[in-house]
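Residue-level listing of the chains:
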Amino acid sequence: MSTTNKDALMAAVADDHQEMYEYYDQYVKNAGKPDAQQRWANQLFWEIARHAVGEEIVIYPLMEKHLGSKGLELADQDREDHQFVKENLYKLEGMSAGTPAYDQLLKTVMDHLHEHNDSEEQKDLPLLFEKLGAEGAATAAASFKRTKGFAPTRAPNKPPFETLVGLMTAPIDKLRDAFAQFPTTEEKEAAARN
């Protein structure tokens, strides 16, 4: 997606959404290979966590500030959607990738994310852009991207700890993830070619 000042925030968010779908597609394509599926699931969960924290710290407060009661309503619904996803990702961490129960719960999460992401892209972000303008959207996009770099690698499970405590736990999460398996560079390159 090309990024201009006009659609910088939309592009940043939509690009993340697309990455989530690609990681899930790789999970599905690796059916029968539980180790590979676990690596793609780890990558997917990491992206979801980073993305959620970026939205919760940057985008939702902007919606509340600039869209008034409608912004508060939209942000609250988005936070509910995130909470559903976080609770189910937490359940998945205790399950084995590639099992029927895991596959079904992950599909439920992804179906929910598709609806949530579509709503953000079609409703929330266009309304926010109207208030922010091109320059404000570009600034928000830069802040969103920067925040993701400091976000925990797992989305904290219970509000109101979804932001501050999540950021404070980032170093521990990053250390734990150093020992977790993610897709290799070769696997990512092969997926991009297909």
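A brief look at the structure comes next. Source: prediction; values computed, not measured.

Rules behind the numbers
- Residues numbered from 1 in each chain as written.
- Predicted model: local features only at pLDDT ≥ 70, side-chain atom pairs only at ≥ 80, totals over all residues.
- Heavy atoms only, no water.
- Axes fitted to C-alpha atoms, helices over the stretch in contact; angles between N-to-C directions.
- Helix = DSSP H or I, 4+ residues; strand = E, 2+ residues; numbered from the N terminus.
- Parallel < 35°, antiparallel > 145°, perpendicular 65-115°, else oblique.
- Left-handed = near helix turned anticlockwise from the far one by under 90°.
- Contact = heavy atoms within 4.5 Å.
- Nonpolar A, V, L, I, M, F, W, Y, C, P; charged D, E, K, R; others polar.
- Core = buried A, V, L, I, M, F, W, Y, C linked by side-chain atoms within 4.5 Å.
- Buried < 20%, exposed > 50% of the residue type's maximum accessible area, 1.4 Å probe, protein only.
- Salt bridge = Lys/Arg side-chain N within 4 Å of Asp/Glu carboxyl O.

Thoughts on the packing of helix 1 (residues 8-29) against helix 2 (residues 34-93)
Two elements in contact, helix 1 and helix 2, have axes whose closest approach is 8 Å; the angle formed by their N-to-C orientations is 160°. Of the possible angle classes, the one that applies to helix 1 and helix 2 is roughly antiparallel. Along this stretch, helix 1 crosses helix 2, giving a crossing that reads as left-handed. On the side of helix 1, the interface is formed by Leu-9, Val-13, Asp-16, His-17, Glu-19, Met-20, Tyr-23, Tyr-24, Gln-26 and Tyr-27, while helix 2 contributes Gln-37, Trp-40, Ala-41, Gln-43, Leu-44, Glu-47, Ile-48, His-51, Glu-55 and Ile-59. Of the residues in the contact of helix 1 with helix 2, the class split is 11 nonpolar, five polar and four charged.

Focus: the nonpolar core
With 21 residues, the main nonpolar core has Tyr-27, Leu-44, Phe-45, Leu-92, Tyr-102 and Leu-106 as its most contacted residues. Sorting the residues of this core by element identifies helix 1, helix 2 and helix 3 (100-150) as the ones contributing at least two each. In terms of residue count, helix 2 provides more of this core than any other element does, eight residues in total. Core analysis: the next-biggest nonpolar cluster, separate from the first, contains 19 residues, Met-63, Leu-67, Leu-74 and Ala-75 among them.

Some thoughts on the environment of Gln-26
Checked against the element boundaries, Gln-26 lands in helix 1. Residues Gln-26 and Trp-40, spaced 14 residues apart in sequence, show a C-alpha to C-alpha distance of 6.5 Å. Every residue in contact with Gln-26, bar those within four places of it in the chain, is listed here: Trp-40 and Ala-191.

Topic: the environment of Ser-96
Examined against the element boundaries, Ser-96 turns out to sit in the loop between helix 2 and helix 3. Along the sequence, Ser-96 and Gln-38 sit 58 residues apart, while their C-alpha atoms lie 8.0 Å from each other.

Digging into the pattern of salt bridges
Counted by the stated rule, this structure contains eight salt bridges. For Arg-79, the salt bridge is made with Asp-76, and the minimal N-O distance between the two is 3.5 Å. Of this pair, Arg-79 and Asp-76 both sit in helix 2, three residues apart, roughly one helical turn. You can call Asp-76 partly exposed: its relative accessible area is 35%.

Structural notes on the side chain of Asn-30
Relative to the helices and strands, Asn-30 resides in the loop between helix 1 and helix 2. Note on Asn-30: relative accessible area 11%, which makes it buried. Beyond its immediate sequence surroundings of up to four residues, Asn-30 is in contact with Ala-36, Gln-37 and Trp-40.

Bear in mind that shape data such as this cannot, by itself, settle questions of function.
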